Amino acid sequence: LVGLCPVSLQVDGLFIIGWMYLPPHDPHVDDPMRFKPLFRIHLMERKCATVECMYGHKGPHNGHIQIVKKDEFSTKCNQTDHHRMSGGRQEEFRTWLREEWGRTLEDIFHEHMQELILMKFIYTSQYDNCLTYRRIYLPPSSPEDLIQPGLFKGTYGSHGLEIVMLSFHGKKAKGTKITGDPNIPAGQQTVEIDLAHPLQLPDIENLRDFSELSRIVLEVQEQVRREEQEREQQEEEQEHSQQAASQPASPLGGEGAEGEETAAGAEGKTQDKASASQPFVLPMGVISRNEDYPRTCRICFYGTGLIAGHGFTSPERTPGVFVLFDDDRFGFIWLELKSFSLYSRIKVPFQNAQAPSREAFDEMLKNIQSLAT
């Protein structure tokens, strides 16, 4: 299920149970995932089954399931009164806040944070009676990957913890939201890491100065912009020369091979750097929900993060820093927001979730992004 939470189907005797995989309470990204049953299918006889909705606090009740197409189905609750509480929406909100966030409304003093949490409650609770599920593949891996790709729990400020899929695509790495919030919906690419542009951080004392880090990142951003312009210009010139030539252009010769060799050499140097470690501290003024982040990192890269207004209005990609801590944790500094997200690997052994091919995985990413837009 893309949007609210991942759901895993498990067979237990004569039952097929859909388990919700919920992140731990904010901001404890290293804590294990939480599990709650969402629906249950009772297989009584051949071609005969009953469906029970297990959402809410009043026990199993009547539900319905429909196969939409291959790798997609939907469930519907036929007794939504079982989801309601006697105290109305206020009691439901307080219960949701206690169960999903591990706190009470009185614990949250910041008015803006209260507003965002209430928006997320409305966003999630509106789907409690009818849900659509699509298969999610885990990203394929290769020996050249910086770390093992997979699912991660990440801190997103007042939005709480969200689930992100990290995948590698040549010189790029992508963090795709599996769960969403009122600003950035599920399926969108929350962060993109430019593996061709590692960042050399200043020494630990200068790193505390946000303006120094900002200067370094913006210089790389300008370098990336110039390289993209040069690449576009070269492609246009090559296209014009091919149109003018009477014979098809020959494949790239020694120059292209040299470029590939240079890229391969750079990749090797990057891997060497990734095996080392260096002191790390967040610059003054950068807000982090979790202060228990690692104080050493392996390597940093230039990247961009997606930000938007409520309802995914005015989305834009802004510069940032991808920080690799170890095989299971990384971070992202959102330069414009002066905010830090910490991500920790989800170590649940999902079965039969590997993509049959790289093409199938890429197609899945396109499909879930189209749902969000």
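Residues numbered from 1 in each chain as written. Predicted model: local features only at pLDDT ≥ 70, side-chain atom pairs only at ≥ 80, totals over all residues. Heavy atoms only, no water.

Participant: Quick question: what am I supposed to make of the side chain of S288 here?
Facilitator: Within the fold, S288 resides in strand β13 (residues 287-288). Classification of S288 as buried rests on a relative accessible area of 9%. Of the polar contacts made by the side chain of S288, one reaches the backbone oxygen of N290; its length is 2.7 Å. Other than its neighbours up to four places away in sequence, S288 contacts L282 and F340. (Helix = DSSP H or I, 4+ residues; strand = E, 2+ residues; numbered from the N terminus. Buried < 20%, exposed > 50% of the residue type's maximum accessible area, 1.4 Å probe, protein only. Polar contact = N/O pair within 3.5 Å; in protein donor to acceptor, adjacent residues only side chain to side chain. Contact = heavy atoms within 4.5 Å.)

Participant: Just to check I follow, could you spell out the nonpolar core for this structure?
Facilitator: Side chains that are nonpolar tend, in soluble globular proteins, to be buried together. Counting 26 residues, the largest nonpolar core has L199, F280, V321, I333 and F340 as its most contacted members. If you list the elements that add at least two residues to this core, you get α4 (210-244), β15 (299-309), β16 (313-324) and β18 (339-345). Sort the elements by how many residues they give to this core and α4 lands first, with six residues. Setting aside chain neighbours within four positions, we find F340 in contact with T155, L282, V286, I287, S288, Y293, F325, G331, F332, I333 and W334. Counting 20 residues, the second-largest nonpolar core is a separate cluster that includes I147, L195, F301 and F332. (Core = buried A, V, L, I, M, F, W, Y, C linked by side-chain atoms within 4.5 Å.)

Participant: Would you explain unusual backbone geometry in this entry?
Facilitator: Phi is mostly negative for residues that are not glycine, and the peptide bonds are mostly trans. The omega torsion across D26 and P27 is 0°, close enough to zero to call that bond cis. Unlike most non-glycine residues, D71 shows phi in positive territory, near 65°. As for its placement among the helices and strands, D71 is situated in the loop between β5 (61-69) and β6 (72-77). Residue D71 is classed as partly exposed on the basis of its relative accessible area, which comes to 29%. Here the phi dihedral of K338 falls at roughly 50°; this positive angle occurs in a residue that is not glycine. Looking at where K338 falls in the secondary structure, it is placed in the loop between β17 (329-334) and β18.

Participant: Would you mind going over a negative patch on the surface with me for this structure?
Facilitator: Taken together, the side chains of E228, E232, E235, E236, E237 and E239 define an acidic patch exposed on the protein surface. Counting through the fold element by element, E239 comes out in helix α4. The exposure class assigned to E239 is partly exposed, which follows from its relative accessible area of 46%. (Patch = residues over 30% accessible without salt bridge, like charges linked within 9 Å, V, L, I, M, F, W, Y side chains within 5 Å. Areas by Shrake-Rupley, 256 points an atom, 1.4 Å probe, with all protein chains shown as cover. Salt bridge = Lys/Arg side-chain N within 4 Å of Asp/Glu carboxyl O. Lys, Arg positive; Asp, Glu negative; His and termini not counted. Charge placed at Lys NZ, Arg CZ, Asp CG, Glu CD.)

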